[in-house]
Amino acid sequence: MATRTLEARFERMSVNDENEYQKTKVVTTTTQVASNSSRPNLYKVALQTQSANAVSAAVTLPSQAAQRKVAQPSSPTRKALPTTASRASSDEAAHAERKSAALIEQPTIKQFHLGMFEIGRPLGKGKFGRVYLARERTSGFICALKVLHKSELSQGGVERQVRREIEIQSNLRHPNILQLFGHFHDSKRVFLILEFAAKGELYKHLRRENRFPEWKASQYIAQMASALRYLHRKHIIHRDIKPENILVGIHGEIKISDFGWSVHAPNSRRKTMCGTLDYLPPEMIKPGTSDNSYNEKVDLWSLGVLTYEFLVGEAPFEDTPVMTQRRIARADMSIPSFVSPEARDLIKKLLVLDPEKRIPLEQVQTHAWIVKHCTKSSSSRDKS
Ligand code: AMP
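Throughout this document, residue positions are counted from 1 along each chain, in the order its sequence is written. A pLDDT threshold of at least 70 governs which residues receive local features in this predicted model, and a stricter bar of 80 or more applies before side-chain atom pairs are shown or counted, although totals over entire chains, interfaces and linings include all residues. Computation of side-chain values covers all heavy atoms of the structure but excludes hydrogens and water.

A.B. asks: Which residues make up the pairing of strand E2 (residues 129-136), and what values do they have?
C.D. replies: Within E2, 6 of the 8 residues are buried, which leaves the element mostly enclosed by the surrounding structure. Inspection of the sheet shows strand E1 (residues 117-125) paired to E2 by 6 bridges, in the antiparallel sense. Bridged to Ile119 within E2 is Ala134. Following DSSP output, two strands are said to pair if at least two bridges run between them. Numbering of helices and strands starts at the N terminus; helices are DSSP runs of H or I of at least 4 residues and strands are runs of E of at least 2. In this structure, the hairpin formed by E1 and E2 is closed by a connection of 3 residues. Bridging between E2 and strand E3 (residues 142-149) involves 7 bridges; their strand directions are antiparallel. In the strand pairing of E3, Leu133 is matched with Ala144. With antiparallel pairing between neighbouring strands as the criterion, E2 and E3 make up a hairpin whose turn holds 5 residues, including Gly140 at a positive phi of roughly 80°. Buried residues are those whose accessible area, probed at 1.4 Å on protein chains only, stays under 20% of the maximum for their type, while exposed residues exceed 50% and partly exposed ones sit between those limits.

A.B. asks: With reference to specific residues and values, describe the UniProt feature "active site" (unreviewed entry) in the protein.
C.D. replies: UniProt positions are given in the numbering used here, feature names are shortened, and annotations may be inferred rather than shown by experiment. Residues annotated in UniProt with the feature "active site" (unreviewed entry) correspond here to Asp240. Looking at where Asp240 falls in the secondary structure, it is placed in the loop between strand E6 (236-237) and strand E7 (246-248). Any two residues whose heavy atoms approach within 4.5 Å at even a single point are treated as in contact. Ignoring any residue separated from it by four or fewer positions in sequence, one finds Asp240 in contact with Asn245 and Trp261.

A.B. asks: How would you sum up the sheet that holds E1? Please name residues and give values.
C.D. replies: The strand order across the open sheet built from 5 strands is E1-E2-E3-E5-E4, with neighbouring strands paired in antiparallel fashion. A single partner strand is all that each edge strand has here, and the edge strands are E1 and strand E4 (180-185). The sheet shows a mean angle of 25° between the axes of neighbouring strands, direction not considered. Summarising the sheet, E3 and strand E5 (residues 189-194) pair through 6 bridges and their orientation is antiparallel. Lines fitted to the C-alpha atoms define the axes, with helices restricted to the stretch that makes contact. Angles between their N-to-C directions range from 0 to 180 degrees.

A.B. asks: Could you give an account of the environment of Phe112, with specific residues and numbers?
C.D. replies: When you line up the elements, Phe112 lands in the loop between helix H6 (85-104) and E1. Here the alpha-carbon distance between Phe112 and Phe191, two residues 79 residues apart in the chain, equals 9.6 Å.

A.B. asks: I'd love a proper account of the site of the ligand, names of residues and values included.
C.D. replies: Any residue with a heavy atom lying within 4 Å of a molecule or strand is counted as near it. Taken together, the neighbourhood of the ligand is formed by 13 residues, with Gly126, Lys146, Glu195, Ala197 and Glu201 sitting nearest. Here a polar contact means two N or O atoms within 3.5 Å. Within protein one must be a hydrogen donor candidate and the other an acceptor candidate, and residues neighboring in sequence count only if both atoms are side-chain atoms. Taking Glu195, its main chain carries an N or O atom lying 2.7 Å from a nitrogen atom of the ligand. Between the ligand and the protein, one listed contact pairs a nitrogen atom with a backbone N or O atom of Ala197 at 2.9 Å. Relative to its unbound accessible surface of 470 Å², the ligand loses 83% to contact with the protein. Sorting the residues of the shell around the ligand by element identifies E1 and E3 as the ones contributing at least two each. Considering each element in turn, the shell around the ligand owes the most residues, 3 residues, to E1. Split into classes, the residues belonging to the shell around the ligand amount to 7 nonpolar, 2 polar and 4 charged. Note on areas: these come from Shrake-Rupley sampling with a 1.4 Å probe, and a residue is covered only by the protein chains present in the view. Three classes are used: nonpolar for Ala, Val, Leu, Ile, Met, Phe, Trp, Tyr, Cys and Pro, charged for Asp, Glu, Lys and Arg, and polar for all others, with Gly counted as polar.

Rendered as structure tokens:
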């Protein structure tokens, strides 16, 4: 089987090869991770993630009893039975804690290497590599291992982008941001040890459901607002918020991933944006836009586009590329009548041409539409 062949190949390889990545310090080894007290080892991080997930119980999450039973990315028999994250996660948290016990007994993990992991089924394929389910052998800790080929990274001219992604993502700890536990490399590949998002891509959920009910969209947007607030406090702009860059955890909580376009603000990046135009804010499509002429408020615009797409099933400015740009520049969109007045109000307050006049994230979190659907006491059954 392909997976077995892969595993066998992994078993034979050495991960200590000297190479240009090492020379140019592209890759931070786990020795550094473990020895630096501000960058906890895999075990600590695993526990932090578990407890962070428990903290996210402040927001009622669209989790499901059926989903709690099996960690399958996409169950065809999904039925919404939302419950709180704390209830849902307690069993798994305890289980993960037990499984991680072996690691705590090790004072430090010297260095991550491939032999430490059992490689499981492929989870997906990105532009520059594949992602596999993996289990750390000693602790049994489940994670996702992303394998990037160095030759493809250099051919694609994205080494700096990947380096930035690693730098930024490895310093983030938030229940709605996909955790990067560590990374290592061999002569040909870079391996990223990522938190496993059991329910896969949010984009697929959205396509399957066509559009989300208001309670679910609202809970997702509350989680996005919380994660973005955290990023902006750290002066990080994501710049590529869209359903394709969001994964879903075992409890139905969202996990922002893909920090390939993220930057520290003010940024010094000089590159043309590629991919979909649908989420680009007006200040980034203006001719002559320089890198310093926009700020973290670009993420607020994208949050407005995301809110719209969650509720309507398509992005607000979806059109031919030329028309999309024109419509973005004028904030030219219409919201269908089935969208509630509260949701409509939030979308309009986010999709504002002047970045400074967009509703701030703190006010998103306390907006009537969010409060209506995200208080602990509210039951999803009343809302659907
Ligand atoms: P990427 O290269 O990051 O775009 O990943 C390719 C695909 O692998 C994604 O579209 C997901 O379906 C899957 N994937 C990536 N990372 C994870 C993860 N941490 N947990 C679960 N699935 C993942």
